[in-house]
Each structure stands twice: as C-alpha cells, then as structure tokens.
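# Inside the fold
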Amino acid sequence: MDQSGVLLWVKAEPFLVGALQEPPPSKFSLHYLRKIATYVRTRATEGAYPHLYWPTWRHIACGKLQLAKDLAWLYFEIFDNLSVRTPEERLEWSEILSNCTTEDEVEKQRSQLYVDTLQFLLFLYIQQLNRISLRTSLIGEEWPSRRSRPQSPSPNERPSCHNKNWNDYSHQAFVCNHLSELLELLLDPEQLTSSFHSTHSSLLSRDAVTALSFLIEGTVSRAKKVYPLHQLALWQPLHVASGFSKSSKTFSLYKLEAWLRASLTTNPFGPSACLKSGKKLAWTHQVEGSTKRAKIACNAHMAPRLHRIVVMSQVYKQTLAKSSETLVGAHVRAHRCSESFIYLLSPLRSMTIEKCRNSTFVLGPVETTLHLHDCENLKVIAVCHRLSISSTTSCTFHIMTPSRPLILSGNQTVTFAPFHTHYPMLEDHMARTGLATVPNYWDNPMVVCKEGSDTRVFQLLPPSEFYIFVIPFEMEGDTAEIPGGLPSAYQKALAQREESIHTWQKTVKEARLTKEQRKQFQALVENKFYEWLVSTGHRQQLDSLVPAPAAS
C-alpha cells in the first residue's frame, strides 16, 4: 500500500492533560533538554536510561536545573499519571503512600517509580506550548516556517478557544514547527554533531520512534482502528517511506521526518472535529428561551474509547444533570456557562472549566486533571487526581485529591474545603478511576505561579461556614455517605449545628403555642426561608429541579 493511505495526527491527550497551563521553567529550553538527553544515555546503569527513576530525575532537576524538589516531582508525577496503569495499580500506590508516616518514607517509596526516559524528554519539551513569547504577543501567533506550517483551518472553522491545550490546531502547529528538534532529542549522542544537530545520515533507533508514539498516532486508509506511530512506521509496505532499514533496525531521520511532514493531518478525534462534526446533544431543558445558545457536542459515536470528548458551551440559567455512558472516560470542557448547576455524575478522564461564572459544578471522579481558567464565583465539588487553577476569582473547591492542588498565575480569593457530598455510584466510580480516599491533600495547595509563593491567595473554609451538600437525584448504587468521612473540625461544626437545631426545636415545643400562634409562627419562618432562598440564588436551583410540563 502506498503512503497516501496512511493518516497521522498529533494526539490530543498529552496536550490536554500533560502540558501544564503555565509558562515552563526556563531550564526546559532545548539547550538544557539536549544536555539532559546526552547525560541520561551516559548513565544508563544509574537508573537514567531507558527508564528514568525518580532519584535520578530529582538529581538532574534539583542539582543541574536548579528546580525546587516539589516542582521536579510535579512534572514527574504529571507524566506518570498519563502512563497506562490499571485502576488497581493506582489504588495500590495510594495505599502504600497512606501508610507512610514521614517524608523520608514517602521518598523511599517514590524511589521505586520510573518513567520512559525518551517519552519524558518529549513531555518536558511540549511544556513550551504555554511559553510566553514576545513575538507571539506582538503579532498574535507563532511564526511557523512555510515548509512546516500545517494546513490552517478556513476562517469558518476557527477553533472556538484561545486555550492552546484545547486547540488541536495549536498541537499540530507545535509538533510541525518543532519536529526537527523533537527528533534530535531522541537521537543517540553519536548521531549528533558537536553542536547537538542531526546530519543527513543520522539514524534513529526503534526505541526512539516508539517514544514518538507518545505524541503521534494514525490509521491506514481511514480504517476505524487507531495505531501508535511506531506500529505504522514498522509496517512492511511503509518501510521505504518511513526510512526503516531491516538490516540495521534503524530509521533514517531525514526520511522519517519527510514522511511525518507529508502524512500529518488534523486530528479526526480532536476538539475541533468534535465541534465541527460531533453529535449535538440535547441535554439542557428549554427554559423561557434561555438555552437558545447552549451547545453540547460529543464525538462518542465515532471516536475510539480513549478519544472521547464532550464540549458544553453557554449553558445559562440551567440545572443540567447527567450520568451517562457518553461521559465515561471522556475529556470534558465546559465553556462560558453561567448561573447554572451542572452535575456530571460519571467517571471522567479530564475536566476543563473555562470562562464560567456564578455556577456550581458537581463532578464524578476525574481520573487525571481538573483545570479551571478565567472563572468567577464558582463552587466546584469533585474527587480528582489533580486540581489546577489559573486566573480564577472567588471560587470555592470542595475536593478530595491525592496530589497537591496547583495554584497557577492570576488567582484571587481561592477557598479550599473538604469534599462534602456523595451519590450512590460514587465509590464504584472512584474504583474505576483508581482514586482512593487517602492520601488527601485538599488543604495543602502548591503555589506554582511566577508571582512567587504568596500564600494569601487562598484560604481554607472556616468550619463555621461548612454545610453538607446534598445531590438531589435518585440513582442505583451502594454509596450512602461521604467517602472517607470529614476532617474532625468540620465534623465537630456540623455536630454543634445539629445540637442548635435540637435546642431550637425543644424551645418551640416547650413554648406551648396555641394553634393560631403556631400557624403565625410557621408563616413567619416560611417567609424568612423564602427570602433567604431568593437572596442566595437557591430559589433558582430548586425551581430548575422541577421537570417542565410534558406539553412543553
């Protein structure tokens, strides 16, 4: 078969979930990554290649790149979370960590962890996606060279987001513009010139092309099955095009690069394809014309299981509640939603909430990252592997998470609180995503932003302001209480409030009111309660839970 039957594209997940939405440390530049690439190969016996162990990366990151240890672990752990592990393995790791009583014991356990060295180098390189470049800010976009510029979408197809992590045209442009550098990072040192550049005769190992499958995959003749890059490159009919030599078991870098450039196309399962040709979902109710602009699209009907995407935009004054196979394992993006209550009670792969205002999000367990950007006055309730936030104002997070929440740049008045709800399938969904109740770092955020470690940007919710959140839907399932319980200070505050209610009820009972007085008193309480519902906005939430009449 000729090479025209092969379609390759840049995978979305490494960028959606793997590229931290913050400019990378300056030491992740190509200059330093080339040095690391050479260094790890010369120390293959010291846990550096082909697997990079945590102690070796800690030594490189802290000793040679001058990164803080927390930051070194952050990048190592984000990459590790992208690797294929079973939920059972993840739960076992949580149990090991929860049994550690000192920082030294945690380090001892981490020392056994390793990542694929070459893939990790590519992962560090793609952190440049969110680098702030002066020329980008001046002209509004990168300057790709003409030969490597991928086909731009037509003006009508412009992606609906400026968020590069969710823009597959940005992913494709990034890989095309930097393909030579990405390939050079994967070369053995003897295949490079003294200035770390490739030559026309440079050869790539099979391991190097396998590593490149971290970023690129494809299909043959528009078949449904998706293959990692290395399987296609090693396929017999493509040896001439991909530059593979059976005798040396290597690839010609020059030929491989030419083949990749000729075959790379737009991701058929990416966010823009989902918006353009995905299924439109009618999840929202028509309420007084307020949902005319609400758009919900998904690609579950056409995408393989690991490529599911759901995009919801401009949900306004709605209560939207879903527990659906469409959501299971999907990357979900909520964009420009306001004054709404959104319940997505299924296990999710990742969740991005962007430009949303005055709303409540209650989520099923999020297997990788829950990220918020440019949001205001939200309440977010979730169990997630990681929470990261940037440019948010007055948002409250009721979370359970085995990794420290990341405070990136531009946040104001952030409140963290313990996870405080449950629904019948919650523990089952947690098991499916490999998330346990311990360790739980909800109250120990990490300030990553360049503004320095100003901890005043966040506070922990005072126990006196803490209430349980009740999910108002019936479902099948066994979870009947908050997994893991509540921290003692918050449990105590609830108990005291309960005691106050009993005292109040007792006082009313002992007042021996007449029937008429009881009636007046009840009306007074109900009026006050109604005023409170209206002033807090809870009235809208209760109203929107009532199903619309069938005729509408």
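Before reading on, note that the structure itself is shown above.
Now for a look at the structure at hand. Bear in mind the structure is a predicted one, so any value in this text is a computation, not a measurement.

## Here we look at the pairing of strand β19 (residues 393-400)
Most of β19 sits out of view: six of its eight residues are buried. Inspection of the sheet shows strand β18 (residues 376-390) paired to β19 by six bridges, in the parallel sense. Bridging from a neighbouring strand, E376 pairs with T393 of β19. Sheet analysis places β19 next to strand β21 (residues 412-418), joined by six bridges and oriented parallel. Bridge assignment links F397 to a residue of β21, and that residue is F416.

## A closer look at helix α5 (residues 87-98)
In a regular helix each residue adds 1.5 Å, so twelve residues correspond to 16 Å; α5 covers 16 Å between its end C-alpha atoms and thus fits that length. Restricting attention to buried positions, one finds in α5 the residues R90, S94 and L97. The buried residues of α5 occupy an angular sector of 65° when the element is viewed end-on, so they sit on one face. In this structure, α5 carries E88, E92 and E95 as exposed residues pointing more than 90 degrees from its buried face. On its buried face, α5 is in contact with α4 (69-82), α6 (103-110) and α16 (426-433).

## Describing the packing of aromatic side chains
One pass over the full model with this rule turns up 21 aromatic pairs. Measuring from ring centre to ring centre gives 5.3 Å for F79 and F123, while their planes differ by 50°; the resulting arrangement is tilted. Remark: F123 occurs in helix α7 (residues 117-126) and F79 occurs in helix α4; sequence separation between them is 44 residues. Three or more aromatic residues joined by ring pairs make a cluster, and in this case those are W54, W57, W73, F76, F79, F120, F123 and F214. Positioned above the aromatic ring of W73, the side-chain terminus of R110 is 3.8 Å from the ring centre.

## Considering the side chain of T219
On the secondary structure map, T219 appears in strand β5 (residues 216-220). Reaching out from T219, the side chain makes a polar contact with the backbone oxygen of K225 at a distance of 2.9 Å. Excluding residues within four positions of it along the chain, T219 makes contact with G5, V6, L7, W9, K225, Y227 and L232.

## Some words on the pattern of salt bridges
Oppositely charged side chains can form a pair if their charged atoms are brought close together. Tallying each qualifying case throughout the model produces 20 salt bridges. When the shortest N-O distance is used, the salt bridge between E376 and R357 registers 3.7 Å. Of this pair, E376 sits in strand β18 while R357 sits in strand β16 (residues 357-363), and the two are 19 residues apart along the sequence. Look at R357 and you get partly exposed, because its relative accessible area is 26%. One salt-bridge network, in which partners are shared between bridges, spans R58, K69, E107 and R110.

Rules used throughout
- Residues numbered from 1 in each chain as written.
- Predicted model: local features only at pLDDT ≥ 70, side-chain atom pairs only at ≥ 80, totals over all residues.
- Heavy atoms only, no water.
- Buried < 20%, exposed > 50% of the residue type's maximum accessible area, 1.4 Å probe, protein only.
- Helix = DSSP H or I, 4+ residues; strand = E, 2+ residues; numbered from the N terminus.
- Pairing = 2+ DSSP bridges.
- Expected span 1.5 Å × (residues − 1).
- Arc of directions from axis to C-beta.
- Contact = heavy atoms within 4.5 Å.
- Phe/Tyr/Trp six-rings, centres within 6.5 Å; stacked < 30°, edge-to-face > 60°.
- Lys NZ or Arg CZ within 6 Å of the ring centre and 35° of its normal.
- Polar contact = N/O pair within 3.5 Å; in protein donor to acceptor, adjacent residues only side chain to side chain.
- Salt bridge = Lys/Arg side-chain N within 4 Å of Asp/Glu carboxyl O.

The values reported here are purely geometric and, on their own, carry no functional implication.
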